[in-house]
Each structure stands twice: as C-alpha cells, then as structure tokens.
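Structural overview
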Amino acid sequence: MARPRPLSGFPEWLPAGRLVEQHVLDVLRRTFELHGFASIETRAVEPLDQLLRKGETSKEVYVLRRLQESEDEASAREPEKGLGLHFDLTVPFARYVLENAGHLSFPFRRYQIQKVWRGERPQDGRFREFTQADIDVVGADTLPYHVEVELPLVIADAFAALRDVGVPPVRIMVNNRKVVEGFCRCLGLDDVEPVLRAVDKLDKIGPDAVAELLRVETGADPALASAVMELVGLSGEDESVVDAAAALARRHGADDALLDEGLAELAALIGAAARQAPGTVVADLKIARGLDYYTGSVYETVLVGHESLGSVCSGGRYDTLASDGARTFPGVGLSIGVTRLVSRLLGADLVTATRSVPSAVLVAVADEEHRAASDEVAAALRARGVPVEVAPSAARFGKQIQHADRRGIPYVWFCGEQHEVKDIRSGEQQAADPATWAPPEEDRWPRVVPGTAS
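Here we summarise the structure given alongside this text. What you see is a predicted model; the values in this text were computed from it and never measured.

Looking now at a negative patch on the surface. Negative charge collects at one region of the surface, where Glu 237, Asp 238, Glu 239 and Asp 243 lie side by side. On the secondary structure map, Asp 243 appears in helix α11 (residues 240–251). Taking relative accessible area as the criterion, Asp 243 reaches 52% and is therefore assigned exposed.

Structure (structure tokens):
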C-alpha cells in the first residue's frame with residue numbers, strides 16, 4: 001500500500017495536540033455549565049432544503065448519498081429533498097427547537113460541541129471539517145435584551161479560564177445592527193442589507209472599496225457613503241463611543257427610534273462589560289455580520305496579537321431564525337471555532353502538553369515468566385488512580401527505560417522483593433510500595449501548559 005497523503009482541510013492532531021484540544025473543550029464545557037447551559041447534540045445531517053434556504057452556502061454543503069445508489073434511485077431523488085452534512089450548528093439547532101418545543105423550558109439555555117463540514121478552500125484557520133462550540137439562549141415569542149449583554153460575558157469567562165495555559169487574551173468586538181440600520185434609514189438608505197453586507201467586508205477590502213460597494217449596491221452618493229463610513233469607523237472600550245455615534249447622528253439630522261434603541265442597548269452592553277470584563281469587550285461599529293437573520297447585538301472575537309487569524313468566536317441576536325408559523329423563538333447565540341483556535345495554539349507553539357501519553361509509570365518486566373507480577377503492580381497503582389502501562393517486552397532494563405523516555409513516561413517501576421521506582425528525569429530511585437506510592441500530583445496526569453512562544 002502506498003503511503004497515504006493527508007487530506008487538506010481535515011486536521012488530525014498528534015496525541016499532544018489532542019490533549020490541548022481536549023483541555024480547551026473541557027474548559028468550555030465547565031464554563032458553559034457554570035452559567036447554566038445544558039448540553040445537546042444534534043444529528044450530523046439535515047434536509048438539503050433546510051440547509052440551502054439562505055442560498056449563499058449552497059457551494060459549501062456536502063451531500064450525503066449511498067455509494068451503491070442505483071441510477072433509477074438517483075434520477076428519482078429530487079436534489080433539494082436529499083440530505084447534507086450540516087455546515088454550522090445554528091440551522092440544526094433551530095430545527096431542534098421547533099421539533100422539541102413542547103418538551104423544553106424557555107428561555108432554553110443550550111451549549112453544543114460538535115463537528116461540522118464545509119466545502120470551502122482550506123487555508124490558515126479554515127478547514128473542511130472542524131469543531132464548533134456554540135451557546136444560545138432561546139425564548140418563546142420574547143427574549144429580554146439582558147441576554148445580549150450576558151452571552152459575550154460568558155465567552156469572556158471561558159477565554160479568561162484558558163489564559164493560565166498560554167491562550168492569548170481576546171478582544172470581543174460588539175455592535176448593534178439597530179444603530180447602523182436606524183442611521184441609514186434616516187439618511188434615506190432604506191435597503192439596509194446591502195449596506196451591512198458591504199460594511200462586513202471592511203477589514204478584508206478596505207474603506208475605499210466598501211464606499212464603492214455602497215455606491216454600486218445602494219446608490220449612495222459620496223456624501224451618504226462618507227457618513228456611513230464615519231459611523232462604522234467609531235470604536236472604543238467605554239460608553240463614549242455611543243456618545244460619539246449619537247453626536248454624529250445629530251449632525252446629519254438622524255432622528256430615529258430604532259437608532260436610539262440601538263444606541264441605548266449598546267451603551268448597556270459596554271457598561272456591563274466594563275464592570276465585569278474590563279478591557280475585553282469593545283464597541284466597534286463596523287461589526288455587522290453578513291447574515292441577514294441578525295437583528296440586534298452582533299459579536300466578533302479575535303486573539304490579541306493574532307488578529308490576522310480572523311474571528312475565533314462570533315454570533316448575535318436573531319429574532320426570526322426559528323418559527324413554526326404560530327410561534328416565534330428569538331435567541332442570542334455565539335459560536336467558538338475550536339479547530340481554528342487550536343490550530344493557532346499548536347502552530348504558534350502557544351500551548352503544549354507536558355507529555356503525550358497518559359501513563360505516569362511504566363512497570364518494567366524482569367522476564368516473561370514474571371510478567372504477572374508486573375501486571376499486579378500495575379493493577380494496584382491503577383486502583384488508586386495512577387495511570388500505568390506495563391513494558392511491552394522483557395528487554396534489558398536499559399532498553400525499557402529508553403522506551404519510557406521515548407513515550408514521555410516519567411517513572412519506571414522495578415518489581416522484586418524490594419520494589420523500587422525511578423524518576424528517569426532526575427535519575428533518583430527509591431523503595432516504593434504499590435499499595436501506598438503515588439507520583440507527585442503534577443506528574444499524575446499530563447498537563448496543558450504554556451508553550452515556548454507564550
């Protein structure tokens with residue numbers, strides 16, 4: 001068999017990298033549960049007509065079909081009635097809420113950590129198969145604004161809990177789409193969606209290109225485009241940015257209830273964040289999120305010092321994503337790109353593991369006739385929570401020690417009338433009792449620690 005080639009966009013971590021990923025996932029789970037979010041998991045596939053209802057993702061959806069599907073079956077199957085792998089966790093969650101509304105207690109607080117699949121061009125931080133970690137709060141018919149304040153602070157807590165292992169600080173940039181929408185309508189730009197889509201590209205194509213987009217797609221003259229660009233250029237860590245936006249609106253004669261509502265909500269969010277997570281959450285009025293189902297607060301998150309990676313967590317308020325015609329389920333959600341985050345942590349050596357295997361002890365085997373004695377020692381240590389493996393062969397003790405060293409196992413146990421254990425890092429060897437000995441707590445399990453670049 002020829003040596004296999006890796007598939008681009010489908011990452012597979014080595015054991016040490018997997019330990020880093022598991023630590024990130026464990027911290028996220030613990031943080032989400034501390035804030036009262038319940039875990040759910042949805043199926044990997046959804047009907048194509050549901051996945052494609054927004055249209056813009058059609059080129060990214062992986063279609064599911066049987067390899068041995070007959071020509072008759074293929075021709076009889078309507079393409080839009082087939083199944084596809086989900087490309088995010090929001091679409092399946094909306095379906096889950098509709099199907100289970102009678103069994104859920106609202107507001108429903110959910111977190112979901114699963115893989116998703118997206119057929120896009122792989123590049124730094126972008127994959128075809130990746131893990132997302134989502135949190136959402138969904139209400140039945142109504143959902144109070146304070147949830148829009150709460151959720152970015154949950155994300156701030158989660159990333160703060162990762163700081164001690166070398167994860168860089170984050171900057172959570174927030175905006176309220178009501179601000180841009182209200183401002184634009186006052187200026188006569190009633191079709192706001194093209195404006196938001198253009199503004200969403202600001203970091204990628206620059207202000208001149210965005211201003212040209214506004215002219216082409218909305219008919220905005222240079223004065224109108226300049227006013228919009230001035231608004232979306234505002235940012236800051238405190239409520240002064242809201243004051244600046246209000247002053248700009250007055251200067252242009254913008255007087256709109258939706259604009260005032262958006263400014264008040266943004267001020268509430270920034271004020272709460274300044275108290276609870278100072279320096280982490282900033283108002284940035286260019287944050288628009290291109291998807292049209294967002295209706296209020298929107299969020300994007302970058303790693304400080306690694307802004308070129310793009311957003312590692314984003315989301316917002318949506319009022320009409322899930323509806324059965326009789327009831328509407330508004331919500332607020334954020335999604336962490338776990339694979340994007342971990343790829344940067346590993347690639348830049350920001351975070352590492354103290355060893356790549358769980359074993360803290362290798363029990364040596366004097367000869368195959370006495371392997372049972374080594375197995376008994378291993379069982380006694382495992383019974384007290386010490387991860388152990390037994391040497392694969394009764395080679396010379398020097399080779400068994402080399403085997404432990406290659407695997408990163410810190411201790412080797414020698415059986416006999418007088419049991420002894422050796423720390424192969426320091427060379428120190430001492431008598432030990434399988435019924436009482438344990439390694440120091442920092443050696444019992446592999447730990448995730450800052451890497452050399454942290």
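A separate point is the packing of aromatic side chains. A complete count under the given rule lists 6 aromatic pairs for this structure. Taken together through their ring pairs, the aromatic side chains of Tyr 411, Trp 413 and Trp 437 make up a single cluster. The ring of Phe 37 has Arg 109 lying over it, and the distance from NZ or CZ to the ring centre is 4.5 Å. Over the ring of Phe 93 we find Arg 110; its NZ or CZ atom is 4.0 Å from the centre of that ring.

So, on to the sheet that holds strand β6 (residues 129–138). On the basis of which strands lie adjacent, the open sheet formed by 9 strands has the order β1-β5-β6-β12-β11-β10-β7-β9-β8 and mixed pairing. Every interior strand has two partners, whereas the edge strands, β1 (38–39) and β8 (235–236), have only one. Alignment of β6 against strand β12 (residues 328–337), held across 7 bridges, turns out to be antiparallel. Paired with Asp 136 across the bridge in β12 is Gly 333. In the packing of helix α6 (residues 177–186) onto the sheet, contacts are made with β7 (170–176) and β10 (294–303), and the angle to β7 comes to roughly 40°. Sheet contacts for helix α12 (residues 257–276): β7, β9 (281–284) and β10; angle to β7, the most-contacted strand, approximately 160°.

About the cut-offs
- Residues numbered from 1 in each chain as written.
- Predicted model: local features only at pLDDT ≥ 70, side-chain atom pairs only at ≥ 80, totals over all residues.
- Heavy atoms only, no water.
- Patch = residues over 30% accessible without salt bridge, like charges linked within 9 Å, V, L, I, M, F, W, Y side chains within 5 Å.
- Areas by Shrake-Rupley, 256 points an atom, 1.4 Å probe, with all protein chains shown as cover.
- Salt bridge = Lys/Arg side-chain N within 4 Å of Asp/Glu carboxyl O.
- Lys, Arg positive; Asp, Glu negative; His and termini not counted.
- Charge placed at Lys NZ, Arg CZ, Asp CG, Glu CD.
- Helix = DSSP H or I, 4+ residues; strand = E, 2+ residues; numbered from the N terminus.
- Buried < 20%, exposed > 50% of the residue type's maximum accessible area, 1.4 Å probe, protein only.
- Phe/Tyr/Trp six-rings, centres within 6.5 Å; stacked < 30°, edge-to-face > 60°.
- Lys NZ or Arg CZ within 6 Å of the ring centre and 35° of its normal.
- Pairing = 2+ DSSP bridges.
- Contact = heavy atoms within 4.5 Å.
- Axes fitted to C-alpha atoms, helices over the stretch in contact; angles between N-to-C directions.

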